[in-house]
Amino acid sequence: FFMFGILFFYIYNLLKREHEALNIFAYQDILTGADNRNRFVTDLPALLREPADYAMVLMNMSGFKFVNEFFGFEKGNLLLQHIARVLEENLAQGERYYRDNADHFGMLLYYKSREEIISRMKKIHQDINDHVISPNQDYRINCNFGINIIQGNEPRMILSPDAAINGALLALNSVNGNTSNPIAFYDEEIHEKARKKIEIESQMHAALANGEFHMYLQPKYYLGDQTLHSAEALVRWCSEDGVMHYPDEFIPVFEENGFITELDMYMLEEACKKVSCWMKQGYQVRPISVNQSRVFFYDDEYLDKFHDIVDRYQIEPSLIILEVTESVAMSNLDQVKMVIKKLHKMGFTISMDDFGSGYSSLNTLKDLDIAELKLDREFLSEQSTSPKGKVVVESIIRLARELSITTVAEGIENERQLEFLRSISCDIGQGFYFARPMPVDAFENKVLHGPLAEPKPDGN
Ligand code: C2E
Ligand code: MG
Ligand code: MG
């Protein structure tokens, strides 16, 4: 019995210690010693029952990944420990902070006014920057803050901890990576945007399967003799309820969740189908431009898929112009250079879209195998068409010509702009002045058969 007693005691102790260890793991962040999300979420309902005004704050760093990669994990860990200390020191009695995950931290603070919260966040940001990551590098740590204000007189019963945190997260996401304006408060606009996003995401797969995405075409004309050069494919989402949605509404959401790759592949296929159809019907064949999102630049599989599609419809890849926006090209130049080279080798025509809207450098034009440059609409503004502006646009066009790159102006809306572009010898134009984007059958009837470009019955 005595032996049994000892054994029992031994096992009891073992279990107790394990339980304590588990408790630490379950409720504490090992690296920083801060509470973890689990602890915070468990305690939050009780805190929210107090009739105080709170600010639920979520904070992260922009470029923490870079810190890890550039300075090493050790330095990254020290920084996280420093941040935990800063947050702890900046809390008032009764306030809480926790480490959410990676470089995300959360705080529940008493709320007095927006100004007061903002100045507290600025102080925290400053204190975080007191930390020197590496003695011979002056690296500034940028933080973003998302704040959800929870008023004491709101009915708290319906506000779950998840909702409190989620509001702060949505606010944080709205300023993620924004260094000039790093603090956002959760409001009606952010709420509405999030609601819209969920709605879009719940419908997009079915919409693609049901053929709700339509290819519209907008013609591009040679400015010299106004004959048809090609058409740009622009997507329209015609939903079941008969409402037509424009790309600006849903493309940013698709880019965020990755669905854009499916849509772009679909649009590419629609364009190939159409070109092959025109060939069979004996039209003089016109190329179609398809917009391509940034995502496909990171995945080699796309190149194979592109190949498969043009093969399936047995068309010349040069009849497909791939439009890549300038911002993509500039953000990852080496990768983009390589992919564009491959696409070019496969025979596709590559166009740089929205040139001049971002940080493009004329210098990169020589490195990229592009055949076409689409000048951003901005080049048709008052400023750009002034005598000085004209010199700038003119020299871009001259430079492009010397590099054998075709120039396209988009967004031509009036005669004056057309004359301006002609005067500086821009090659091709597109815009409402000629025609708006239209459904494919309208394009066939009005443009391919239209007065500007007679279809040649035996064009190929
Ligand atoms: P983008 O490629 O620069 O397309 C040109 C946009 O300018 C189109 O807007 C077109 O309707 C509009 N536009 C054409 N002429 C004029 C004009 O004279 N005046 C004005 N004010 N606007 C003109 P849209 O169709 O709303 O497309 C917006 C953007 O959405 C496109 O800009 C493109 O970046 C993106 N997008 C459209 N379809 C697709 C797609 O299938 N895939 C991807 N990844 N992006 C797409
Ligand atoms: Mg485009
Ligand atoms: Mg454009």
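This report concerns the structure included in the present document. (Residues numbered from 1 in each chain as written. Chains lettered and ligands numbered in written order. Predicted model: local features only at pLDDT ≥ 70, side-chain atom pairs only at ≥ 80, totals over all residues. Heavy atoms only, no water.)

Regarding the overall build of the protein
Check the secondary structure of the protein and you find 15 helices and 16 strands. Taking 2.2 N^0.38 as the reference for a compact globule, 460 residues should give roughly 23 Å; the C-alpha atoms of the protein span a radius of gyration of 29 Å, well beyond that estimate. Overall size of the protein, expressed as C-alpha extent along the three principal axes, is 105 × 60 × 45 Å. Here the protein, with 460 residues, has 46% of them falling under the buried criterion. Taking as baseline every contact in the protein between residues at least 6 positions apart, the subset at least 24 positions apart corresponds to 68%. Carbon and sulfur atoms provide 53% of the accessible area of the protein, an area that totals close to 24200 Å². Across the protein, the 46 positively charged side chains and the 69 negatively charged ones have centroids separated by 2 Å. (Helix = DSSP H or I, 4+ residues; strand = E, 2+ residues; numbered from the N terminus. Rg over C-alpha atoms; globule rule 2.2 N^0.38 Å. Buried < 20%, exposed > 50% of the residue type's maximum accessible area, 1.4 Å probe, protein only. Contact = heavy atoms within 4.5 Å. Areas by Shrake-Rupley, 256 points an atom, 1.4 Å probe, with all protein chains shown as cover. Lys, Arg positive; Asp, Glu negative; His and termini not counted. Charge placed at Lys NZ, Arg CZ, Asp CG, Glu CD.)

A few points about the pairing of strand E2 (residues 54-62)
The buried count for E2 comes to eight of nine residues, which makes it a mostly enclosed element. Note that E2 and strand E4 (residues 104-110) share six bridges and pair antiparallel. Residue valine 57 lies in a different strand from E4, and its bridge partner there is methionine 107. (Pairing = 2+ DSSP bridges.)

Digging into the site of ligand 1
Taken together, 24 residues surround ligand 1, and among them Arg236, Asp264, Asp353, Glu413 and Phe432 come closest. In this structure, asparagine 291 approaches ligand 1 through a side-chain N or O atom, which is 2.9 Å from an oxygen atom. In this structure, an oxygen atom belonging to ligand 1 sits 2.8 Å away from a main-chain N or O atom of phenylalanine 432. Relative to its unbound accessible surface of 800 Å², ligand 1 loses 86% to contact with the protein. Among the elements that take part in the shell around ligand 1, strand E8 (residues 228-238) stands out by supplying four residues, more than any other. (Near = heavy atom within 4 Å. Polar contact = N/O pair within 3.5 Å; in protein donor to acceptor, adjacent residues only side chain to side chain.)

Comments concerning the sheet that holds strand E5 (residues 142-150)
Taken together, six strands build an open sheet; the order of strands is E1-E3-E4-E2-E5-E6 and the sheet is mixed. Looking at which strands have only one partner, the edges of the open sheet turn out to be strand E1 (35-36) and strand E6 (183-185). Where E5 lies against E6, three bridges are found, and the strand directions are parallel. What sits directly across from phenylalanine 145, in E6, is isoleucine 183.

Some details on unusual backbone geometry
With a phi angle near 60 degrees, glutamine 226 is a residue other than glycine that sits in the positive phi range. Along the polypeptide, glutamine 226 turns up in the loop between strand E7 (213-222) and E8. In the Ramachandran plot, serine 404 falls in the positive-phi region, its phi being about 60 degrees despite a non-glycine side chain. Mapped onto the secondary structure, serine 404 falls in the loop between helix H13 (387-402) and strand E14 (406-410).

Considering the packing of aromatic side chains
Here the structure, examined in full by the defined rule, presents 17 aromatic pairs. Ring centres of phenylalanine 70 and phenylalanine 71 lie 5.1 Å apart, and the angle between their planes is 85 degrees; this geometry places the pair in the edge-to-face category. Overall, the relative accessible area of 15% leaves phenylalanine 71 in the buried class. Ring plane angle 80 degrees and centroid distance 5.5 Å describe the contact between tryptophan 237 and phenylalanine 250, whose orientation is recorded as edge-to-face. Placement of tryptophan 237 in strand E8 and of phenylalanine 250 in helix H8 (residues 247-257) is noted, with a sequence separation of 13 residues between them. Accessibility assignment for this pair places tryptophan 237 and phenylalanine 250 in one class, buried. Taken together, Phe213, Trp237, Phe250, Phe254 and Phe259 form an aromatic cluster joined through their ring pairs. For arginine 114, the ring lying beneath its charged end belongs to phenylalanine 185, and the centroid distance is 4.1 Å. Note that arginine 436 overlies the ring of phenylalanine 432, its terminal NZ or CZ placed 3.9 Å from the centroid. (Phe/Tyr/Trp six-rings, centres within 6.5 Å; stacked < 30°, edge-to-face > 60°. Lys NZ or Arg CZ within 6 Å of the ring centre and 35° of its normal.)

A short note on the coordination of the magnesium ion (ligand 3)
In the first shell of the magnesium ion (ligand 3), the protein supplies Asp353 (OD), Asp354 (OD), Glu410 (OE) and Glu410 (OE), at 2.0 to 2.7 Å from the metal. For the magnesium ion (ligand 3), the donor residues sit on a single chain with the sequence spacing D-D-x55-E. In this structure, the magnesium ion (ligand 3) lies 4.1 Å away from the magnesium ion (ligand 2), the two metals sharing aspartate 353 as a donor. Linking aspartate 354 in strand E12 (residues 349-355) with glutamate 410 in strand E14, this pair joins segments that are 56 residues apart in sequence. Judged by relative accessible area, aspartate 354 falls into the partly exposed class, the value being 23%. (Donors = N, O, S within 2.8 Å, 3.2 Å for Na, K, Ca; no water.)

A word on the coordination of the magnesium ion (ligand 2)
Within the first shell, the magnesium ion (ligand 2) binds the protein through Glu232 (OE), Asn291 (OD1), Glu323 (OE) and Asp353 (OD), at distances of 2.0 to 2.3 Å. Donor residues binding the magnesium ion (ligand 2) come from one chain and are separated in sequence as E-x58-N-x31-E-x29-D. On the accessibility criterion, asparagine 291 (25% relative accessible area) is partly exposed.

Re the nonpolar core
Side chains of nonpolar character tend, in soluble globular proteins, to be buried together. Counting 78 residues, the largest nonpolar core has Phe213, Phe254, Ile320 and Leu373 as the members making the most contacts within it. Sorting elements by how many residues they give to this core places helix H9 (residues 260-281) first, with nine residues. Setting aside its immediate chain neighbours within four residues, isoleucine 320 contacts Leu268, Ala271, Cys272, Val275, Ile288, Val290, Ile315, Phe348 and Thr349. (Core = buried A, V, L, I, M, F, W, Y, C linked by side-chain atoms within 4.5 Å.)

Considerations on helix H7 (residues 188-209)
Given a rise of 1.5 Å per residue, 22 residues ought to cover 32 Å, and the 33 Å separating the end C-alpha atoms of H7 matches this to within 8%. At glutamine 203, H7 is deflected by roughly 40 degrees, the largest bend along its length. Regarding H7, the residues found buried are Ile190, Ala194, Ile200, Met204, Ala207 and Leu208. Buried residues along H7 sit in contact with helix H6 (161-175), E6, E7, E8, H8 and H9. Where H7 begins, one side-chain oxygen reaches toward the backbone nitrogen of glutamate 189, 3.2 Å away; that side chain belongs to aspartate 187. A positive backbone phi angle near 70 degrees is found at glycine 211, which sits one or two residues after H7. (Expected span 1.5 Å × (residues − 1). Bend = angle between axes of the 7 residues up to and from the residue.)

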